[in-house]
Amino acid sequence: MQRRILFVDDEIQILKSLTRVFINTNYQVFTANSGTDALSTLKNQAVDLIVSDMRMPDMDGYELL
């Protein structure tokens, strides 16, 4: 069974790097560049794990989680 991870970070390059790390694994990776985008993703996708940056503009990681 494929596990789903949501990475949340306001820095696009970090999200791209994390996506590359998991490209040949048994994980399906979702990314969001803000807390608002993450919440939108969670409305449509069930995920097993959320890894979030804590310092983001508008909504920090604590508020998101």
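Here's a quick rundown of the structure. Given the structure is predicted, the values throughout are model-derived calculations rather than measurements.

Moving on: the nonpolar core. Counting residues in each nonpolar core, the largest one holds 8 residues, listed as L6, V8, F30, A32, A38, M56, M59 and L64. When residues no more than four places from it in sequence are discounted, the contact partners of V8 are L15, A32, S34, G35, A38, I50, V51, S52, D53, M56 and L64.

Pairing within the open sheet is parallel, and its 3 strands lie in the order β2-β1-β3. Taken across any chain shown, the strands that pair with only one partner, and hence form the sheet edges, are β2 (27-32) and β3 (49-52). Going from strand to strand, the sheet's axes swing by 20° on average, the running direction of each strand aside. Two elements, strand β1 (residues 3-8) and β3, share 4 bridges in a ladder whose sense is parallel. Counterpart to F7 in the pairing with β3 is V51. Its contacts with the sheet put helix α2 (residues 35-44) on β1, β2 and β3, and the angle it makes with β1 is roughly 160°.

Reading guide: rules and limits
Residues numbered from 1 in each chain as written. Predicted model: local features only at pLDDT ≥ 70, side-chain atom pairs only at ≥ 80, totals over all residues. Heavy atoms only, no water. Core = buried A, V, L, I, M, F, W, Y, C linked by side-chain atoms within 4.5 Å. Buried < 20%, exposed > 50% of the residue type's maximum accessible area, 1.4 Å probe, protein only. Contact = heavy atoms within 4.5 Å. Pairing = 2+ DSSP bridges. Helix = DSSP H or I, 4+ residues; strand = E, 2+ residues; numbered from the N terminus. Axes fitted to C-alpha atoms, helices over the stretch in contact; angles between N-to-C directions.

Shape is all these values report; function is a separate question.
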